[in-house]
Amino acid sequence: MKWLTPLVAFLLAADALAGKPQFEIEIKNHMFYPDRVVVPVGTKVRLIIHNRDDKPEEFESFELNREKVIAGNATTAIFIGPLSAGEYPFFGEFNLETAQGMIIAE
Ligand SMILES: [Cu+2]
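Structure report, in brief. Predicted model only: the values in this text are computed from it and were never measured. (Residues numbered from 1 in each chain as written. Predicted model: local features only at pLDDT ≥ 70, side-chain atom pairs only at ≥ 80, totals over all residues. Heavy atoms only, no water.)

### Examining the packing of aromatic side chains
The condition is simple: The rule is short: rings of Phe, Tyr and Trp, with Trp giving its six-membered ring, pair when the centres are within 6.5 Å, and they are stacked under 30 degrees, edge-to-face over 60, tilted in between. Think of it this way: any DSSP run of H or I at least four residues long counts as a helix, any run of E at least two long counts as a strand, and we number them from the N terminus. Exposure classes here rest on a 1.4 Å probe applied to the protein chains alone. A residue is buried below 20% of its type maximum, exposed above 50%, and partly exposed in between.
In this structure the tally under the stated criterion is four aromatic pairs. Relative to F59, the ring of F32 has its centre 6.3 Å away and its plane inclined at 80°; by these criteria the two rings are edge-to-face. In this pair, F32 is assigned in strand 2 (residues 31-33) and F59 in strand 5 (residues 57-61), connecting sequence segments 27 residues apart. Of the two residues examined, F32 and F59, each falls in the buried class. Consider the rings of F32 and F90, whose centres lie 4.8 Å apart with planes at 80°: the pair is edge-to-face. On the criterion of sequence distance, the pair formed by F32 in strand 2 and F90 in strand 8 (residues 86-92) is long-range, its members being 58 residues apart. Residue F32 is classed as buried on the basis of its relative accessible area, which comes to 4%.

Okay, structure coming up:
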């Protein structure tokens, strides 16, 4: 699978060039950094999530209708939106006490 990382990097770069807004979130010690992300209303947005912990985490949001497991020390990308103005909570299902965040569309 060594070929996967460059391919993911290439796809991410291609999307960045294509002008899609993207936002990066890190998971460290079962917490999201940043835990509040402001995104533009009415635009499809790519969230790039880096899990810096050794253990997997599941990014989940009922309001965004997204659920995805991220392996330890892995990166994944999730598309959200276009969103209307408002707040969209997300959480790490494997660490509910600490892994809490919010997407704010404005
Ligand atoms: Cu779940």
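Back to the text.
### Considering the pairing of strand 4 (residues 45-51)
Consecutive side chains along a regular strand alternate between the two faces of the sheet. Operational definition: The pairing criterion for strands is at least two bridges between them, as found by DSSP.
Across the seven residues that make up strand 4, a large majority, seven, are buried. Pairing geometry for strand 1 (residues 22-28) and strand 4, over six bridges, is parallel. Counted as the bridge partner of I27 is N51 from strand 4. Of the pairings in the sheet, the one linking strand 4 to strand 7 (residues 75-80) comprises six bridges and is antiparallel in character. Following the sheet pairing, R46 is matched in strand 7 by F79.

### Some remarks on the coordination of the copper ion
What counts is decided by this rule: Metal sites are built from N, O and S donor atoms within 2.8 Å, or 3.2 Å for Na, K and Ca, and they leave out water, so they may look incomplete.
Each protein donor to the copper ion is listed here as E58 (OE), E60 (OE), E67 (OE) and E93 (OE); together their distances run 1.9 to 2.0 Å. Counting gaps between the donor residues of the copper ion yields the pattern E-x1-E-x6-E-x25-E. Taken together, the residues span a long stretch of sequence, with E60 in strand 5 and E93 in the loop between strand 8 and strand 9 (100-105) at a distance of 33 residues. On the basis of relative accessibility, which here comes to 8%, the residue E60 falls in the buried class.

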